[in-house]
Amino acid sequence: MHAILKRLAEIGISENELLLFEPLSAHAAAWQGFADVESRSDYYEAVQCYIRTVALSFAERGVKLHSLDGVMISPLAVIGEGTEIYPNVQIRHGVTIGKNCVIGSGSVIENSTVGDGCVINATQIYQSILDDDVRIGPFCHVRPNTHLCRGVRIGDFVEVKNSTVGQDTHASHLTYIGDSDVGERVNFGCGTVTVNYDGKKKSRTVIGNDAFIGCNTNLIAPVRIGDHGFTAAGSTITDDVPDDALGIARARQINKDGWVIKKQQG
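Keep in mind the model is a prediction, meaning the values are calculated, not measured.

(A) Summary view of the overall build of the protein chain. Along the backbone of the protein chain there are four helices and 28 strands. Against the globule reference of 18 Å for 266 residues, the protein chain gives a C-alpha radius of gyration of 24 Å, more extended than a compact globule. Projecting the C-alpha coordinates of the protein chain onto the three principal axes gives extents of approximately 80 × 50 × 35 Å. In the protein chain, buried positions account for 41% of the 266 residues.

Here it is, written out as C-alpha cells:
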C-alpha cells in the first residue's frame, strides 16, 4: 500500500484526492489496480475501476444498482439488503442506510444514518439522522444536526438544519426549517420560514403537535406555536400562539378604486 501511495505522489496525486477511499485498507483488492499507475490518465482509469469494484461488492450483498454511471460508494458504508441505488449517487464516509430504501439520482449522503424504507430523491444530507419511512426530495438540503422522525415527508426545495421534525410531519415545498423543534403531524404550508437569526444570535422555534402553518408564514424566533395551533397564510408571527388558537399577523387589505387609471394617465 505504501508503495502505491509513493507512486501516486510521484505523479502529483495528493492525499486530498484520495480522501473518498480512506482508510486505504478498507478495500485492499481494489487498490491493487493502482499498482501500475504511471500517469494521471492511468490514475483516472484506476479510479473508475476502483469505484466499480466497490459498487459491485455491495451488489453482491443484496443492494440493487440500476446503473453504475456516476455511482460512488465509500467501502465503509453500510447499506441494507433490498435498497435501490440509481445513477449519479454519492454515498460518502460515515453512512449507514437501512433495508429497502430508494436512493434517487442526484443524492449525496455523508456522515448520516438512514432508516429502513426511506425514499431519498435528488437530496443532499449531511450529519443527520432519518428514521424509518422518511420520504424526501427532490432538490432538498438536510444540513447537520437534523433528525427527521418516522414518516416525515419533505418535498421539493425544502431545507432543514439543526432541527428535530416529529413523526408524520409534512413540509411539501419551498420551506426553511432551521433551529427548530417540530412536533408530530404538523403541516407546513408553502413558503414557510423559521426566522432563526437576528444578526447576532440564533434562536429556536418550537411547534407543537398537530399544528398547521399557513402558506408564507414567517416564524420569528424565539417563538412557540402550541398544540393544534394555526397560523393564517401570509402572517409574520412574533408572539407565541397558544394551543388551539389561530395566529393572524398581517395588514388589513385596502383597495384604491381607480388607482390604475390615474397612474396610466399620469
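(B) The sheet that holds strand 9 (residues 113–114), seen in detail. Taken in spatial order, the nine strands make up an open sheet running 3-6-9-12-15-17-19-22-25, and their pairing is parallel. Unpaired on one side and paired on the other, strand 3 (78–79) and strand 25 (223–225) mark the two borders of the sheet. Pairing between strand 17 (residues 164–165) and strand 19 (residues 180–182): two bridges, direction parallel. Looking at strand 19, one finds that Val165 is bridged to Val182.

(C) The arrangement of the pattern of salt bridges in detail. Under the defined criterion, the tally for this structure stands at ten salt bridges. Glu184 is the salt-bridge partner of Arg185, the closest N and O atoms lying 2.9 Å from each other. The shortest N-O distance in the salt bridge between Asp198 and Lys201 comes to 3.3 Å. The network of salt bridges with shared partners includes Asp132, Asp133 and Arg150.

(D) Seen up close, the packing of aromatic side chains. The full count for this structure, using the stated rule, is three aromatic pairs. For Arg61, the ring lying beneath its charged end belongs to Phe58, and the centroid distance is 4.3 Å. Over the ring of Tyr197 we find Lys202, and its NZ or CZ is 5.7 Å from the ring centre.

(E) Summary view of the pairing of strand 16 (residues 153–161). For strand 13 (residues 135–136) and strand 16, the ladder comprises two bridges, and the chain directions are parallel. The partner of Arg135 across the bridge, within strand 16, is Arg153. Pairing of strand 14 (residues 140–142) with strand 16, which is carried by two bridges, proceeds in the parallel orientation. Following the sheet pairing, His141 is matched in strand 16 by Glu159. Note: strand 16 against strand 18 (residues 170–178), seven bridges, orientation parallel. Looking at strand 18, one finds that Lys161 is bridged to Gly178.

(F) Highlighting the pairing of strand 11 (residues 123–126). Across three bridges, strand 8 (residues 108–110) lies against strand 11 in parallel orientation. Among the inter-strand pairings, Ile109 is bridged to a residue of strand 11, identified as Ile125. One ladder, built from three bridges, connects strand 11 with strand 14; its direction is parallel. Within strand 14, the position partnered with Gln124 by the bridge is His141.

(G) Quick look at the side chain of Thr217. For Thr217, the position within the fold is in the loop between strand 23 (212–213) and strand 24 (218–220). On the basis of relative accessible area, Thr217 is assigned to the buried category, the value being 0%. Among the polar contacts listed, one links the side chain of Thr217 to the side chain of Thr231, at a separation of 3.1 Å. If we skip the residues at most four places from it in the chain, Thr217 touches Gly191, Thr192, Val193, Thr231, Ala232, Gly234, Ser235 and Ile237.

(H) Spatial organisation of a nonpolar patch on the surface. A contiguous nonpolar patch, built from Phe212, Phe230, Leu246 and Ile248 and spanning about 390 Å² of accessible area, is present on the exposed surface. Relative to the assigned elements, Ile248 resides in the loop between strand 28 (246–247) and helix 4 (259–265). When its relative accessible area of 54% is taken as the criterion, Ile248 is described as exposed.

Cut-off values and rules
- Residues numbered from 1 in each chain as written.
- Predicted model: local features only at pLDDT ≥ 70, side-chain atom pairs only at ≥ 80, totals over all residues.
- Heavy atoms only, no water.
- Helix = DSSP H or I, 4+ residues; strand = E, 2+ residues; numbered from the N terminus.
- Rg over C-alpha atoms; globule rule 2.2 N^0.38 Å.
- Buried < 20%, exposed > 50% of the residue type's maximum accessible area, 1.4 Å probe, protein only.
- Pairing = 2+ DSSP bridges.
- Salt bridge = Lys/Arg side-chain N within 4 Å of Asp/Glu carboxyl O.
- Phe/Tyr/Trp six-rings, centres within 6.5 Å; stacked < 30°, edge-to-face > 60°.
- Lys NZ or Arg CZ within 6 Å of the ring centre and 35° of its normal.
- Polar contact = N/O pair within 3.5 Å; in protein donor to acceptor, adjacent residues only side chain to side chain.
- Contact = heavy atoms within 4.5 Å.
- Patch = residues over 30% accessible without salt bridge, like charges linked within 9 Å, V, L, I, M, F, W, Y side chains within 5 Å.
- Areas by Shrake-Rupley, 256 points an atom, 1.4 Å probe, with all protein chains shown as cover.

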